[in-house]
Amino acid sequence: MSEPKDGVRSVWLRPRRTRKGEPPLTLARIVEAAVALLDEEGIDRLTMRRLAERLAVVAPSLYWHVDTKDDVIDLAVDAIFGEVPPGTAPGGGWREDVASVLAAWRAALLRHPWAAAVPARQRPTIGPNFLAWMEILQSTLARAGFSGKGLAAATWALYNHVMGSASTEAALRITDAERDLGQRQLRADGRYPTLAANGYLYDDDWDGSFSTGLDYLLDGLQAQLAATQGSGPR
């Protein structure tokens with residue numbers, strides 16, 4: 001796809017087209033149909049033609065609202081983050097608030113597994129619903145005492161944890177037969193003793209790994225705050 005002349009690819013940064021009267025096909029209808037199609041068939045099956053067929057319109061009708069399939073995906077991703085308002089645990093400390101936001105964030109991605117693969121694309125996620133989640137996450141960290149580059153690093157460490165966890169869980173496909181055969185090969189090979197001893201290919205406790213990994217991250221962030229502030233976090 002050619003680069004736009006003004007360098008602005010994101011649907012969130014381009015001005016919307018307007019015309020007199022209400023067009024028969026609305027952006028909301030397009031996004032709703034796109035989410036349903038993505039849920040049923042996955043991101044690789046999404047095309048403008050298939051989306052138009054689902055809406056019972058001709059494909060050119062879509063281009064009044066969106067320029068590319070990437071626009072549709074960006075809008076659909078933001079829509080799933082609008083299904084549940086972002087929030088934090090009532091009366092919780094900063095760690096509990098971060099855990100609450102990330103758990104809901106991960107659940108949204110796992111309800112729509114196609115969305116977990118989207119961050120690998122080279123487009124920013126800057127829709128209003130997603131930004132509301134990021135605002136709560138970063139404001140919680142700022143309230144805890146992070147600032148400047150430390151705030152950015154903490155934000156992205158947590159972002160990468162939830163995105164990585166959800167994308168791996170959503171994408172990994174392995175059968176029981178493959179697990180058994182692969183684990184036997186690990187044991188027989190001899191070059192990977194730790195993987196063989198710890199059942200590398202049987203490790204699919206996604207919830208436990210996510211929670212424990214998050215605890216490790218939060219422990220590290222809390223220790224960093226204690227080191228920089230001379231006391232524990234607020």
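No experiment lies behind these values; they were computed from the predicted model shown. (Residues numbered from 1 in each chain as written. Predicted model: local features only at pLDDT ≥ 70, side-chain atom pairs only at ≥ 80, totals over all residues. Heavy atoms only, no water.)

## Structural notes on the UniProt feature "DNA-binding region" (unreviewed entry) in the protein
Turning to step 1, where the next piece is worked out: Per the UniProt record, "DNA-binding region" (unreviewed entry) is annotated on residues 47-66.
Turning to step 2, where the next piece is worked out: In the segment residues 47-66, helix accounts for 40% and strand for 0%; the C-alpha atoms at its two ends are 13 Å apart. (UniProt positions renumbered as here; feature names shortened; annotations may be inferred. Helix = DSSP H or I, 4+ residues; strand = E, 2+ residues; numbered from the N terminus.)

## With respect to the environment of Val 66
Turning to step 1, where the next piece is worked out: For Val 66, the location among the structural elements is in the loop between α2 (48-55) and α3 (69-81).
Turning to step 2, where the next piece is worked out: Look at Val 66 and you get buried, because its relative accessible area is 1%.
Turning to step 3, where the next piece is worked out: Separated by 36 residues in the primary sequence, Val 66 and Ile 30 have C-alpha atoms spaced 9.3 Å apart.
Turning to step 4, where the next piece is worked out: When near neighbours in sequence (up to four residues on either side) are disregarded, Val 66 contacts Leu 27, Met 48, Asp 71, Val 72 and Leu 75. (Buried < 20%, exposed > 50% of the residue type's maximum accessible area, 1.4 Å probe, protein only. Contact = heavy atoms within 4.5 Å.)

## Overview of unusual backbone geometry
Turning to step 1, where the next piece is worked out: Although it is not a glycine, Ala 56 sits at a positive phi angle of roughly 60 degrees.
Turning to step 2, where the next piece is worked out: Turning to its location among the elements, Ala 56 is positioned in the loop between α2 and α3.
Turning to step 3, where the next piece is worked out: Note on Ala 56: relative accessible area 71%, which makes it exposed.

## Comments concerning the pattern of salt bridges
Turning to step 1, where the next piece is worked out: By the definition in use, this model includes 11 salt bridges.
Turning to step 2, where the next piece is worked out: Note that Arg 54 and Glu 40 form a salt bridge whose closest N and O atoms lie 2.7 Å from each other. Of this pair, Arg 54 sits in helix α2 while Glu 40 sits in helix α1 (residues 27-41), and the two are 14 residues apart along the sequence.
Turning to step 3, where the next piece is worked out: Look at Arg 54 and you get partly exposed, because its relative accessible area is 37%. (Salt bridge = Lys/Arg side-chain N within 4 Å of Asp/Glu carboxyl O.)

## Focus on a nonpolar patch on the surface
Turning to step 1, where the next piece is worked out: A cluster of nonpolar side chains, contributed by Tyr 192, Leu 195 and Tyr 200, occupies part of the molecular surface with about 280 Å² of accessible area.
Turning to step 2, where the next piece is worked out: Checked against the element boundaries, Leu 195 lands in helix α8 (residues 193-197).
Turning to step 3, where the next piece is worked out: Judged by relative accessible area, Leu 195 falls into the partly exposed class, the value being 34%. (Patch = residues over 30% accessible without salt bridge, like charges linked within 9 Å, V, L, I, M, F, W, Y side chains within 5 Å. Areas by Shrake-Rupley, 256 points an atom, 1.4 Å probe, with all protein chains shown as cover.)

## A short note on α3
Turning to step 1, where the next piece is worked out: Its 13 residues give α3 an end-to-end C-alpha distance of 19 Å, which sits within 8% of 18 Å, the value for a rise of 1.5 Å per residue.
Turning to step 2, where the next piece is worked out: Counting buried positions along α3 yields 10 of 13 residues, so the element is predominantly enclosed.
Turning to step 3, where the next piece is worked out: Of all the positions in α3, only Asp 71, Val 72, Ile 73, Asp 74, Leu 75, Ala 76, Val 77, Asp 78, Ile 80 and Phe 81 are classed as buried.
Turning to step 4, where the next piece is worked out: Contact partners of the buried residues in α3: α1, α2, α4 (94-111) and α5 (128-144).
Turning to step 5, where the next piece is worked out: For α3, the capping residue at the N-terminal end is Thr 68, with a side-chain oxygen 3.3 Å from the backbone nitrogen of Asp 70. (Expected span 1.5 Å × (residues − 1). Polar contact = N/O pair within 3.5 Å; in protein donor to acceptor, adjacent residues only side chain to side chain.)

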